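# Geometric and topological summary
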Amino acid sequence: MTSSKGSIVKISGPAVVASGMREAGIYHRVLVGSLGLPGEVIRIEGDRATIQVYEETTGLSLGEEVVNFGEPLMAELGPGLISSIFDGIQRPLALLLREQGDFISRGLLVSSLSRTLRWNFIPAVKPGEGVIPGDVVGTVQETDRVLHRIMVPPGISGKIREIRPGNFTVEETIAVLEDGFEIKLMQRWPVRMPRPFKNRLLPKLPFITGQRIFDMVFPVAMGGTAIVPGGFGTGKTVAEQSLAKYARADVIIYIGCGERGNEMTGVLEEFPELRDPQTGRPLMERTILVINTSNMPVAAREASIFTGITIAEYYRDMGCQVALMADSTSRWAEALREISSRLEEMPGEEGYPTYLATRLSHYYERGGRVVCLGKEERSGSVTIVSAISPPGGDFSEPVSQSSMRIAGGVWALDSDLAHRRHFPAINWRMSYSLYTDLLDPWFQENVAPDWPRLRAWLMEMLQKEDDLLEVAQLVGVDALQDEQRVVLEISRLIREEYLRQSSFSEVDACCPLQKQVWMLRILCRLNDFLGESLKKGNPLDGLFHHPLLLEAARMKEHPPEDFDAFGRSFLSRIDAELKKGAVSG
Ligand SMILES: Nc1ncnc2c1ncn2[C@@H]1O[C@H](COP(=O)(O)OP(=O)(O)OP(=O)(O)O)[C@@H](O)[C@H]1O
Ligand SMILES: [Mg+2]
């Protein structure tokens, strides 16, 4: 790595201009000033480079030196990523905090991955074998849950000359190719460049979240992109964290982007304690946190989502199903805006740079389900779920609008629902998923043939409820016919018992797909039951207090393990009641 030097001629917040930078390239990594603050070149004019600095620039003076390393900002990729907590430019936060107290001293250069930890490497290929990019030369058991595949880096191929098992640090050579190229446990990759793959796959497998409103009503594909826009306090963070806890994925990357420091403290304290509801093992065994609070420098925040997505792609390349949560991309866009205004760029809508939408799509485009590089057939995916916090909850602002144009799933949060403590406060009129039709065959084959029919029924009931409530506003509920009041009662159950799902309930925080189906079958059958009972002349008020209805109102607290049996028996009890004829409770 060759380095060249320039000197500071202008300082404006996180943006610094240096002259003598003829050898610098766009996105090259630099160290600024005598403190050696890390930064990145974002514009070049003649021999002048504009640099975004990842740390506070107070105290820097004109004339101080800028060192250019001649390479872009890189992520370190190898064993030790899982369970780590990084800042936006992949410095290990826990380590920084431990060594530096509460204040991270500026200009501290630390490796992302430990240089002293040793990992047990088990080769998967032999000397003499030919390898191409993406081929797995061996494995390291990174955590109980994650088998880390050591891959031939992109652009490298040849015949294996040497390879040996043993305990290695990430910098030691584990295999040598015939041309002398040394493969190590760690590879490096420029964060702003997507990692290569063979080809994209159709997103036809679901990203299973354990949340009924997401899985059943607005399902998103594995490798899909979803956004969670919502005003202040509507439940974005709780939604993202529930996904990080319960979603089915091999690896979770959680990016806390510019949220308040105390929210992040919550994450830092809570996550290491969390256990997988299925296995009882710590969830950090599959989780990587990238944390940038609002009091950390904006430029590092801007970089954080690219650091996060690069790590996500790396695990995808191994054949893992990766889910990336970002909370929130609005804070990220604000960082972009701040830097842009320091650069005195021509502002676009609401002061955001004109390239906001392009930059957002660079990020979302890196999601997807792909066939990985390498001879072995394997596929991996990166699913992206981004929270968006539009000021005043107004979705017409540029970040929400640009994101909606790109995302395949929109899970829109609603302040009214949140006020009424209907959580998750997903507005079913504004939310949508473009993946539904692609995913239905999977749900029908693997969960229940009636899956799409149940969803259609649910949506139809909510629509009918809307229409009836409009009528009721004019004429009063009492003027409605009994059949119409049945619709209102069942829709109420759908909303309050089915769509509402507390993230803090021990039993209901995560709802398996089978339970989701049975709950809806029960509600659907109860609807028939009320209708038929009415026809037989049973009075409505008695029916509304029928024990079966009361029981249905508590069913989400029934443990999922034996919900199949519970659901089956519930349906036959409804049928038995109907056979009895008179059913008033
Ligand atoms: N799924 C849920 N189950 C139960 N309670 C919830 C749920 N979602 C949100 N809440 C309640 O709403 C509160 C606010 O949620 P949260 O902090 O996630 O909002 P936010 O949109 O991230 O807010 P901010 O705009 O401040 O970032 C939570 O503290 C919790 O009490
Ligand atoms: Mg929040």
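Remember, predicted model here, so these are calculated numbers, not experimental data. (Residues numbered from 1 in each chain as written. Chains lettered and ligands numbered in written order. Predicted model: local features only at pLDDT ≥ 70, side-chain atom pairs only at ≥ 80, totals over all residues.)

## Quick notes on the site of ligand 1
Note the cut-off: Placing a C-beta atom from the backbone of each residue, we mark the residue near a molecule or strand if the atom is within 6 Å of it. Under the scheme applied, nonpolar residues are Ala, Val, Leu, Ile, Met, Phe, Trp, Tyr, Cys and Pro; charged residues are Asp, Glu, Lys and Arg; polar residues are all the others, including Gly. In this document the domain limits rely on a domain assignment from an automatic tool or a database.
Every one of the 14 residues lining ligand 1 counts as a neighbour, but G235, K236, T237, V238 and F423 are closest to it. The residue inventory of the shell around ligand 1, partitioned by class, reads 5 nonpolar, 8 polar and 1 charged. When we break the shell around ligand 1 down by domain, the ones giving at least three residues each are domain 3 (204-436) and domain 4 (451-580).

## Quick word on the sheet that holds strand β9 (residues 119-123)
The criterion, for reference: Being paired, for any two strands, means DSSP has found at least two bridges between them. A run of H or I in DSSP becomes a helix once it reaches four residues, and a run of E becomes a strand once it reaches two; helices and strands are each numbered from the N terminus. To define axes, lines are fitted to C-alpha atoms, for helices over the stretch in contact only, and angles between the resulting N-to-C directions are given on a 0 to 180 degree scale.
Judged by pairing direction, the sheet is antiparallel, and its 4 strands sit side by side in the order β12-β11-β9-β14 without closing on themselves. The open sheet has two edge strands, β12 (147-151) and β14 (166-168), and neither has a second partner. The sheet shows a mean angle of 40° between the axes of neighbouring strands, taken without regard to direction. As defined by bridge partners, β9 adjoins β14 across 3 bridges and the pair is classed as antiparallel. Its bridge partner being in β14, W119 is matched across the sheet by F168.

## A word on the nonpolar core
So the rule is basically this: A set of buried residues qualifies as a nonpolar core if it consists of Ala, Val, Leu, Ile, Met, Phe, Trp, Tyr and Cys joined through C-beta atoms within 7 Å. Comment: burial labels come from other C-beta atoms within 10 Å of the residue's own C-beta, placed from the backbone, where a count of 20 or more is buried, 12 or fewer is exposed, and between is partly exposed. We call two residues in contact if the C-beta atoms placed from their backbones are at most 7 Å apart.
One finds I253, V322, A323, L324 and L523 to be the most contacted residues of the largest nonpolar core, which totals 158 residues. Residue contributions to this core peak at 12 residues, all from helix α5 (residues 298-318). Ignoring any residue separated from it by four or fewer positions in sequence, one finds L324 in contact with I253, I255, G308, I309, A312, V382, T383 and I384.

## Examining the domain arrangement of the protein chain
Split into domains, the protein chain comes out as domain 1 (4-73), domain 2 (114-185), domain 3 (204-436) and domain 4 (451-580). A separation of 32 Å is found between the C-alpha centroids of domain 2 and domain 3. Listed by partner, the interface residues are 12 residues for domain 2 and 12 residues for domain 3. The residue inventory of the side of domain 2 that touches domain 3, partitioned by class, reads 6 nonpolar, 2 polar and 4 charged.

## Focus on the packing of α5 against helix α6 (residues 329-342)
To keep it simple, the criterion reads: An angle below 35 degrees is treated as roughly parallel, one above 145 as roughly antiparallel, one from 65 to 115 as roughly perpendicular, and anything else as oblique. Throughout, a crossing is termed right-handed when the near helix is turned clockwise from the far one, and left-handed when it is turned anticlockwise from it by less than a right angle.
At their nearest, the axes of α5 and α6 sit 8 Å apart, and the two run at 130° to each other. Our classification of the angle between α5 and α6 gives oblique. In the packing of α5 onto α6, the handedness of the crossing is left-handed. Where α5 approaches α6, its residues V298, A299, R301, E302 and I305 are matched on the opposing element by R331, W332, A335, L336, E338 and I339. Split by residue class, the contact of α5 with α6 holds 7 nonpolar, no polar and 4 charged.

## Some details on the environment of D276
Along the chain, D276 turns up in the loop between α4 (261-270) and β21 (287-293). C-beta crowding within 10 Å serves as the criterion here: with 15 such atoms nearby, D276 is assigned to the partly exposed category. A C-alpha to C-alpha distance of 45 Å links D276 and V16, two positions 260 residues apart in sequence. The contact partners of D276, leaving out residues within four places of it in the chain, are R281 and L283.

## Let's talk about helix α8 (residues 398-406)
Each α-helix turn comprises 3.6 residues. Residues three or four places apart therefore point the same way. Among the residues of α8, V399, S400, S402 and S403 are the ones counted as buried. Buried residues along α8 sit in contact with β19 (225-229), α6, α7 (356-364) and β24 (379-388).

## Brief notes about the pairing of β24
Counting buried positions along β24 yields 9 of 10 residues, so the element is predominantly enclosed. Relative to β24, β19 is paired through 5 bridges, and the arrangement is parallel. Pairing of I227 across the sheet is with S386, part of β24. Both strand β22 (residues 321-327) and β24 contribute to a ladder of 6 bridges, which runs parallel. Considered in β24, the bridge of A326 is made with S386. Strand direction decides the pairing type here: strand β23 (residues 368-371) and β24, joined by 4 bridges, are antiparallel. Bridge pairing links R369 to S381 in β24.

## What to know about the pairing of strand β3 (residues 28-32)
With 5 of 5 residues buried, β3 is to be regarded as a mostly interior element. Taking every second residue as pointing to the same face, both faces of β3 are buried, with H28, V30 and V32 on one and R29 and L31 on the other. As judged from the 4 bridges shared by β3 and strand β6 (residues 65-72), these two strands associate in the antiparallel manner. Looking across to β6, one finds that L31 is bridged to V67. The antiparallel pairing of β3 with strand β4 (residues 37-45) creates a hairpin that spans 4 residues between the two strands, and G33 there sits at a positive phi of about 75°.

## A few points about the packing of helix α11 (residues 451-475) against helix α12 (residues 482-499)
Where α11 contacts α12, the two axes come as close as 9 Å, and the packing angle between them is 120°. Classified by the interaxial angle, the pair formed by α11 and α12 is oblique. Note that α11 runs across α12; the crossing there is left-handed. Across the interface between the two elements, L458, M461, L462, K464, E465 and L468 of α11 pack against Q484, V487, L488, I490, S491 and I494 of α12. Its residues assigned to classes, the contact of α11 with α12 comprises 8 nonpolar, 2 polar and 2 charged.

## Things to note about the sheet that holds β4
Whether parallel or antiparallel, the strands of a sheet pair through hydrogen bonds between backbone atoms. An order of β1-β2-β5-β4-β3-β6 is seen for the 6 strands of this closed barrel, with the pairing classed as antiparallel. Adjacent strand axes in the sheet meet at a mean angle of 45° when their direction is disregarded.

## Digging into the environment of W442
Structurally, the position occupied by W442 is in helix α10 (residues 436-446). Along the sequence, W442 and L493 sit 51 residues apart, while their C-alpha atoms lie 27 Å from each other. Once you skip the residues sitting within four places of it in the chain, W442 turns out to touch K204, L205 and P206.

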